[in-house]
Amino acid sequence: MKQQIKVRSAFGHFSRNLPRHHPCFLKVFSCHSCLSRKIFFPFPIISSSIKQARAIHSTKNFCLNLLNFNSCVSSYHQRNMSSNRKVSSDMNAFQDQLNRASKIVALTGAGISAESGIPTFRGADGLWRKYKCEELATPEAFAKDPGLVWQFYEYRRQLVSSKEPNLAHKSLSVLEQNFLRNSPQRQVIVVTQNVDELHRRAEMKRVLELHGSLFKTRCTQCKAVKTNYNNPIVPALDKIELDELDRHIDPKDLPRCEKCTGLLRPHVVWFGEQLDPFVLKQAEGLMSVTDFLLVIGTSSVVYPAASLVPQAATRGVTVSEFNIEQTAASEYSKFFFKGPCAQTLPKALQIGETMISHWG
Ligand code: OAD
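These numbers were taken from a predicted model, which means no experiment stands behind them.

Asker: Tell me about the sheet that holds strand S11 (residues 318-323), and please be specific about residues and values.
Answerer: Taken in spatial order, the six strands of this open sheet run S6-S5-S4-S10-S11-S12, and their pairing is parallel. The outermost strands of the open sheet, each flanked by one partner alone, are strand S6 (207-209) and strand S12 (335-338). Averaged over all neighbouring strand pairs, the angle between strand axes comes to 15 degrees, with direction disregarded. Pairing geometry for strand S4 (residues 103-108) and strand S10 (residues 292-296), over five bridges, is parallel. Looking at the pairing, Ala106 lines up with Leu294 of S10. Packed onto the sheet, helix H9 (residues 167-182) meets S4, strand S5 (187-192) and S10 and runs at close to 150 degrees relative to S5.

Asker: Outline H9, listing residues and values.
Answerer: Compared with the 22 Å implied by 1.5 Å per residue over 16 residues, the 21 Å span of H9 between its first and last C-alpha is a close match. When H9 is considered as a whole, its buried residues turn out to be Ala168, His169, Ser171, Leu172, Ser173, Val174, Leu175, Glu176, Gln177, Asn178 and Phe179. Capping the start of H9, Asn166 holds a side-chain oxygen 2.8 Å from the backbone nitrogen of Ala168, two or three residues further along.

Asker: So, the packing of aromatic side chains: which residues are in play, and what are the values?
Answerer: A complete count under the given rule lists 13 aromatic pairs for this structure. Pairing Phe94 with Phe322 gives two aromatic rings, centres 5.9 Å apart and planes at 80 degrees, and the pair type is edge-to-face. With Phe94 in helix H4 (residues 91-100) and Phe322 in strand S11, this residue pair connects regions lying 228 residues apart in the sequence. Its relative accessible area of 0% is what places Phe94 among the buried residues. Relative to Phe337, the ring of Phe335 lies with its centre 6.2 Å away and its plane at 5 degrees, an arrangement referred to as stacked. Note on Phe335: relative accessible area 2%, which makes it buried. Judged by relative accessible area, which is 4%, Phe337 ranks as buried. Taken together, the aromatic side chains of Trp128, Tyr131, Phe142, Phe152, Tyr153, Tyr155 and Trp270 make up a single cluster linked through ring pairs.

Asker: Could you give me a rundown of the site of the ligand, with the residues and numbers involved?
Answerer: Taken together, 24 residues form the shell around the ligand, and within it Glu115, Arg122, Thr298, Ser299 and Asn323 come nearest. Between Phe121 and the ligand, the recorded distance is 2.7 Å, taken from a backbone N or O atom to an oxygen atom. Here an oxygen atom of the ligand sits 2.7 Å away from a polar atom, N or O, in the side chain of Asn323. Protein contacts shield 94% of the accessible area of the ligand, which totals 800 Å² for the unbound molecule.

The rules behind each value
Residues numbered from 1 in each chain as written. Predicted model: local features only at pLDDT ≥ 70, side-chain atom pairs only at ≥ 80, totals over all residues. Heavy atoms only, no water. Pairing = 2+ DSSP bridges. Helix = DSSP H or I, 4+ residues; strand = E, 2+ residues; numbered from the N terminus. Axes fitted to C-alpha atoms, helices over the stretch in contact; angles between N-to-C directions. Contact = heavy atoms within 4.5 Å. Expected span 1.5 Å × (residues − 1). Buried < 20%, exposed > 50% of the residue type's maximum accessible area, 1.4 Å probe, protein only. Polar contact = N/O pair within 3.5 Å; in protein donor to acceptor, adjacent residues only side chain to side chain. Phe/Tyr/Trp six-rings, centres within 6.5 Å; stacked < 30°, edge-to-face > 60°. Near = heavy atom within 4 Å. Areas by Shrake-Rupley, 256 points an atom, 1.4 Å probe, with all protein chains shown as cover.

See the structure below:
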């Protein structure tokens, strides 16, 4: 299936038709030289269903990306034709490599929470009311109608609060606990794109949240970040339903800063915003030291998270994917375990249900 990708920059527009999993989607926007030179990219960029990616950087670097964009079209076809790489789903071989690994990173996405009853972003149930996530999770949408954006986020806060971590979250926690108890020189760290805090609620200790948390707010004026588990967050946002009409909420009734009364916003990364540079640096640092990467329940199309898999893979790190379908990361995977990860992951990690229930 081909998709049209449009890039808009200060220097004009261009577009290309490319197959859905074309590596250009990775290469164009995850140009390592640009990233390392800290050129500003609009983060996160969606690549699979991409409509527009705004390239907001200098002419020189824009050219660099355009060059990469053009040059990898042919290399893709060459690689595709010559590729005879085998992806394995051999559990024993996976476990053999896992047992020899000491710095395990689990990169997770919405799919790991799917069996807790939380819809993914790009699945069939990805719409919220009539809106796509990308229409509401933006600074522009918040500037236009903060009440509507808060309804979307409060709905998700209420939904997530009513759900529990599943066996996939718990098996990673049990693995971490086993390492702490029996082999402290080994570590497992979760790097998640999820904002639902289910890894923490599953008692995972080492979690890096790339996109923030639904349960944190940030003041639009004084920038103070606060944890907030109030349910509802304010009375005007009580019992938000999917099938109700959009409420009109007076901005004075929206969440407000205790210190300066400024309007609060969810402390999550929106489309068009950059990740916290410190968080991104930590994630990239982990990719440079990990010796075993698990990629669980993510479509791997939102940048910069999507660039983490190729970063590790190009170092020769074994990538193992757990998903119900092939994704943009699959071309980097040595192991692919197809199916709901609440089933496949505990099995692969050899974490039985009794171990999970003893652990909590
Ligand atoms: P997506 O909705 O893009 O992808 C979810 C992935 O999970 C897909 O590849 C599904 O095939 C897979 N999946 C679904 N159910 C599964 C299951 N039971 N077991 C295993 N895999 C399953 O979600 P993300 O990749 O997390 O960003 O999306 C990344 C970011 O895009 C999100 O963090 C969010 C979104 O826009 C922000 O909000 C900033």
